[in-house]
Amino acid sequence: MNGSCNESNGIHEQNDDISWANILDDLTTLEKLPEPVLQFVKQGVQLCCPDKLHLCQGSHDEQATLLALLETRGQLGRLKKLNNCWLARTDPRDVARVEGRTVMVTKNRRDAVAGGDNGALGRWMSLEDFERAKAERFPGCMKGRTMYVMPFSMGPVNSPLAKLGVELTDSPYVAVSMHIMTRVGPEVLQALQQNDFVRCLHSVGAPCTSTDPRATWPCDPDRTLIAQLPESGEIFSYGSGYGGNSLLGKKCFALRIASRMAREQGWLAEHMLILGITNPQGRKKYMVAAFPSACGKTNLAMMTPALPGWKVECVGDDIAWMKFDEQGQLRAINPEFGFFGVAPGTSIKTNPVAMKMIQSNTIFTNVGKTSDGGIYWEGIDEKLAKGVTIRSWLDEPWTPSSGEPCAHPNSRFCTPLQQCSILDPAWDDPQGVPIEAIIFGGRRPQGVPLVYEAFNWKHGVFIGAAMRSESTAAAEFKGKHIMHDPFAMRPFFGYNFGDYLAHWLSMDKHSHQPRIYHVNWFGKDADGHFLWPGFGQNARVLDWIFRRVEGEAEAIETAVGLVPAPGSLNMQELEAVDEEALFSVEKGFWEDEARKVRAFLEGQVGNDLPAEMLIQLKQLEERVAELP
Ligand code: O2Y
Ligand code: MN
């Protein structure tokens, strides 16, 4: 252990007596770090006391070395059937984002969370409580481990929309995953010479001691804490090595910290996929879509259209950073460099593009494994060769009659963006792609039409605010119930939701204002069967939206918005679809829906709610009251 570590050190405390030679194999590394990065690393070392320090430079060899290290330690297993693919099995207590332990830390509570008090729109922690929590967790937390220094860029390095970060982590799994999910490399270090960065500190929270043999998935679930400090641009994550809790560029930075930056700087950081769609005549449009976690954003972003002549190309599947340019055109970049997609349900039928792209250079987490070195999960829809057996994500023998899932419902693949065969040609454009439609959506078994268009921008903002969706396995929630998830951002708001709504409302003045839509692929009939085939057939809905934006498709007004006029949605060669059920707007259902939205907005946002939202709600109630 290096001699400079002192249990009582805090990250802000200055103490220069680090024995760099004890923790660094190559001292020239330090010269590569811009001064503010070096200071950040010093503070991290003084606080966390790692045995070793490793500066990640983003090379292919470095990734290979780290993967080999993880294999030697038994923390990753090679999947022989695939090419450079790996399987991680986590501690069963560390399998998803933990919203109950995720906090925004600000001077004033109101800056972080809206009026209500039960945590539905995020959790707040005071600076004092956070300092205490930090002091109880971080000092000495990396003893016996290596600290990886990961400088990264969210977005193309030279983009005016991109931002930089540096993550210090004691998890090599996080280092290899960040390597896939973000841009890492010499050009990032170069950019750090001139630009500020978000300071991200992550520890699995399980220091190694001689009596504490290395667990294959070290973590500290009882003391997990994920804290975002938007006022100082810092993220502290302790106790979990999993996905959004530990790959700090993703949810913590690109949504929570960035949404707050975006408000201050006049842009938007959103939980949205970005796709390009080209019609049979060769005209192309870009659209973004916000669906709650694990509701099919990856499938839509990589859709193979069932309509002849249409083409979808993918810019991103989870996060969009967007800004209106000087011509009044909304432009979007994907700040990420990889996909961290849900595995179960992914198959050649549901997402052939994803199935192809995950055959190489992919880290799988918590999926099942076949005895011939392949992957397996619920809905993979692949036949096994004779004699091949399966082990579950818990590394237990598994058969379809085991009664337990083979893969964890939130199991994931982590794959480089550039392996997507339909990656859009402009995926890396520093200026971003022009957005013409914004689509909100959710998993709504009853009552919500397949597609409707907002009457105008303000109504569209209200539609986003009123979003509700069935819960999924992406966070710790158990069971399926319909949750409010405004803008699909409920777990990711970086500031007061009332202010967020005001920020969206303030954007109603641009010459190329995108139109706003709501879609629901998940409506069911009384027998529980889906009303709509989904997947590639969703192209029919995108086709209608495309033609609406071009001013070509007819719509009719309903209480909730504009729906396709009879005959305007292309239903050719689609059999046995009950169009009436797909577009019904039923009075009783929508009275109840409006009541729930009112209770949510008044209860959770209270005085912080912009008056315009209450006007929109009242107008919805009045339109619904007029229904027969
Ligand atoms: O990061 C996790 O632990 C799973 S959550 C996740 C991962 C990738 C993309 N989106 C999400 C999400 O929760 O929205
Ligand atoms: Mn997501």
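Note that the structure is predicted; figures quoted are calculated from it, not measured.

Participant: Explain the overall build of the protein to me, and be specific about the residues and the numbers.
Facilitator: On a plain count of helices and strands, the protein comes out with 17 helices and 30 strands. By the compact-globule yardstick of 25 Å for 628 residues, the protein fits well, its C-alpha radius of gyration being 24 Å. Taken across its 628 residues, the protein has 62% of its residues classed as buried. When contacts within the protein are restricted to residue pairs at least 6 apart in sequence, those whose partners lie at least 24 apart make up 74%. Of the roughly 24000 Å² of accessible surface on the protein, a fraction of 50% belongs to carbon and sulfur atoms.

Participant: Can you tell me about unusual backbone geometry, naming the residues and giving the values?
Facilitator: One non-glycine residue with positive phi stands out, namely Cys-49, at about 55 degrees. Residue Cys-49 is classed as buried on the basis of its relative accessible area, which comes to 1%. Of note, the phi angle at Asp-381 is positive, near 60 degrees, even though the residue is not glycine. On the secondary structure map, Asp-381 appears in the loop between β20 (375-376) and β21 (390-391).

Participant: Which residues make up the coordination of the manganese ion (ligand 2), and what values do they have?
Facilitator: Metal coordination angles in their ideal form are 109.5 degrees for the four-donor tetrahedron and 90 or 180 degrees for the six-donor octahedron. Bound to the manganese ion (ligand 2) on the protein side are Lys-251 (NZ), His-271 (NE2) and Asp-318 (OD), at distances that span 2.2 Å. Accessibility expressed as a relative area gives 1% for His-271, which makes it buried.

Participant: Pulling in residues and values, what's your account of empty space enclosed by the protein?
Facilitator: Under the counting rule described, the total for this entry stands at five cavities of 30 Å³ or more. Considering the residues around the largest cavity, the lining is formed by 17 residues, among which Tyr-452, Ile-463, Ala-466, Trp-590 and Glu-593 are closest to the centre. Considering each element in turn, the lining of the largest cavity owes the most residues, four residues, to helix α16 (residues 587-605). In the lining of the largest cavity, the residues fall into 11 nonpolar, two polar and four charged.

Participant: Residue-level account of the site of ligand 1, with values.
Facilitator: Neighbouring residues of ligand 1: 14 residues in total, closest Arg-97, Tyr-242, Gly-244, Lys-251 and Ser-293. Here Gly-244 contributes a backbone N or O atom positioned 2.4 Å from an oxygen atom of ligand 1. A distance of 2.5 Å separates an oxygen atom of ligand 1 from a polar atom in the side chain of Ser-293. Here ligand 1, which alone exposes 350 Å², has 96% of that area covered by the protein. Counting only elements with at least two residues in the shell around ligand 1, the list comes to α8 (243-246) and α9 (249-265). Looking at the shell around ligand 1, its residues break down into four nonpolar, five polar and five charged.

Participant: Quick rundown of the pattern of salt bridges? Include the residues and the values.
Facilitator: Using the criterion set out here, one finds 41 salt bridges in the structure. Its salt-bridge partner being Glu-71, residue Arg-78 comes within 4.0 Å of it at the nearest N-O pair. For Arg-78, a relative accessible area of 41% gives the class partly exposed. Residue Glu-71 is classed as partly exposed on the basis of its relative accessible area of 33%. Here Glu-550 and Lys-285 are joined by a salt bridge, their closest N and O atoms 3.3 Å apart. Linking Glu-550 in the loop between α14 (539-549) and β29 (555-557) with Lys-285 in strand β13 (residues 284-290), this pair joins segments that are 265 residues apart in sequence. One network of salt bridges, in which partners are shared, links Lys-250, Lys-251, Lys-297, Asp-318 and Glu-336.

Participant: Can you lay out the side chain of Ser-293 for me, pointing to particular residues and giving the numbers?
Facilitator: Topologically, Ser-293 is positioned in the loop between β13 and α10 (297-301). Here Ser-293 falls in the buried class, since its relative accessible area comes to 14%.

Participant: How would you explain the pairing of strand β23 (residues 412-416) if you had to name every residue and give the values?
Facilitator: For β23, the tally of buried residues reaches four of five residues, placing the bulk of the element in the interior. Sheet analysis places strand β17 (residues 338-342) next to β23, joined by five bridges and oriented antiparallel. For Gly-341, the partnering residue across the bridge sits in β23 and is Phe-413. Inspection of the sheet shows strand β18 (residues 363-365) paired to β23 by three bridges, in the antiparallel sense. Looking across to β23, one finds that Phe-364 is bridged to Phe-413.

Participant: Explain the packing of aromatic side chains to me, and be specific about the residues and the numbers.
Facilitator: Here the structure, examined in full by the defined rule, presents 27 aromatic pairs. Between the aromatic rings of Trp-457 and Trp-504, the centroid separation amounts to 5.6 Å while the plane-to-plane angle is 15 degrees, which identifies the pairing as stacked. With a gap of 47 residues between them, Trp-457 in helix α12 (residues 457-465) and Trp-504 in helix α13 (residues 497-505) connect regions that are remote in the sequence. When sorted by exposure, Trp-457 lands in the same class as Trp-504, which is buried. Geometrically, the ring pair formed by Phe-522 and Phe-530 is edge-to-face, given 6.4 Å between the ring centres and 65 degrees between the ring planes. Taken together, the aromatic side chains of Phe-440, Trp-457, Phe-487, Phe-493, Tyr-495, Phe-497, Tyr-500 and Trp-504 make up a single cluster linked through ring pairs. It is Lys-251 that lies over the ring of Phe-492; its NZ or CZ is 4.4 Å from the centre. The side chain of Lys-285 reaches across the aromatic face of Phe-546, ending 5.0 Å from its centre.

Participant: Which residues make up the sheet that holds β17, and what values go with them?
Facilitator: Across the sheet, which stays open at both edges, the five strands sit in the order β2-β3-β18-β23-β17 with mixed pairing between neighbours. Two strands in the sheet have a free side with no partner beyond their single neighbour: β2 (77-78) and β17.

Participant: Before we move on, could you go through the sheet that holds strand β22 (residues 397-398) and cite the residues and values that matter?
Facilitator: Taken in spatial order, the four strands of this open sheet run β20-β19-β21-β22, and their pairing is antiparallel. Across the chains shown, the open sheet's two edge strands, defined by having one partner strand only, are β20 and β22. By the bridge criterion, two bridges tie β21 to β22 in an arrangement that is antiparallel. Counted as the bridge partner of Arg-391 is Pro-397 from β22.

Participant: So what's going on with the nonpolar core? Which residues, and what values?
Facilitator: In terms of nonpolar packing, the biggest core is built from 168 residues, with Phe-364 and Phe-497 touching the most fellow members. Examining the composition of this core, we find that eight residues originate from one element, α9, more than from any other. The contact partners of Phe-364, leaving out residues within four places of it in the chain, are Leu-79, Leu-82, Cys-85, Trp-86, Leu-87, Ala-88, Ile-358, Ile-375, Trp-377, Arg-412 and Phe-413. With 39 residues, the next largest nonpolar core counts Phe-130, Leu-201, Phe-236 and Tyr-238 among its residues.

Participant: Would you mind going over the environment of Thr-399 in detail, with residue names and values included?
Facilitator: Looking at the secondary structure, you find Thr-399 in the loop between β22 and β23. In sequence terms Thr-399 and Thr-389 are 10 residues apart; their C-alpha atoms lie 8.0 Å from each other.

Participant: Before we move on, can you summarise the packing of α12 against helix α17 (residues 611-625) with the specific residues and values?
Facilitator: For the pair α12 and α17, the least separation of the axes is 10 Å and the interaxial angle reads 85 degrees. Classified by the angle their axes make, α12 and α17 are roughly perpendicular. Of α17, the residues touching α12 (which contributes Lys-458, His-459, Val-461, Phe-462 and Ala-465) are Glu-612, Met-613, Gln-616, Leu-617, Leu-620 and Arg-623.

Cut-offs applied
Residues numbered from 1 in each chain as written. Chains lettered and ligands numbered in written order. Predicted model: local features only at pLDDT ≥ 70, side-chain atom pairs only at ≥ 80, totals over all residues. Heavy atoms only, no water. Helix = DSSP H or I, 4+ residues; strand = E, 2+ residues; numbered from the N terminus. Rg over C-alpha atoms; globule rule 2.2 N^0.38 Å. Buried < 20%, exposed > 50% of the residue type's maximum accessible area, 1.4 Å probe, protein only. Contact = heavy atoms within 4.5 Å. Areas by Shrake-Rupley, 256 points an atom, 1.4 Å probe, with all protein chains shown as cover. Donors = N, O, S within 2.8 Å, 3.2 Å for Na, K, Ca; no water. 1 Å grid on protein atoms, 1.4 Å probe; cavity = no way out; pocket = protein on both sides within 12 Å on 5 of 7 lines; lining within 4 Å. Points joined across faces, edges and corners; volume = space filled by probe spheres on them. Nonpolar A, V, L, I, M, F, W, Y, C, P; charged D, E, K, R; others polar. Near = heavy atom within 4 Å. Polar contact = N/O pair within 3.5 Å; in protein donor to acceptor, adjacent residues only side chain to side chain. Salt bridge = Lys/Arg side-chain N within 4 Å of Asp/Glu carboxyl O. Pairing = 2+ DSSP bridges. Phe/Tyr/Trp six-rings, centres within 6.5 Å; stacked < 30°, edge-to-face > 60°. Lys NZ or Arg CZ within 6 Å of the ring centre and 35° of its normal. Core = buried A, V, L, I, M, F, W, Y, C linked by side-chain atoms within 4.5 Å. Axes fitted to C-alpha atoms, helices over the stretch in contact; angles between N-to-C directions. Parallel < 35°, antiparallel > 145°, perpendicular 65-115°, else oblique.

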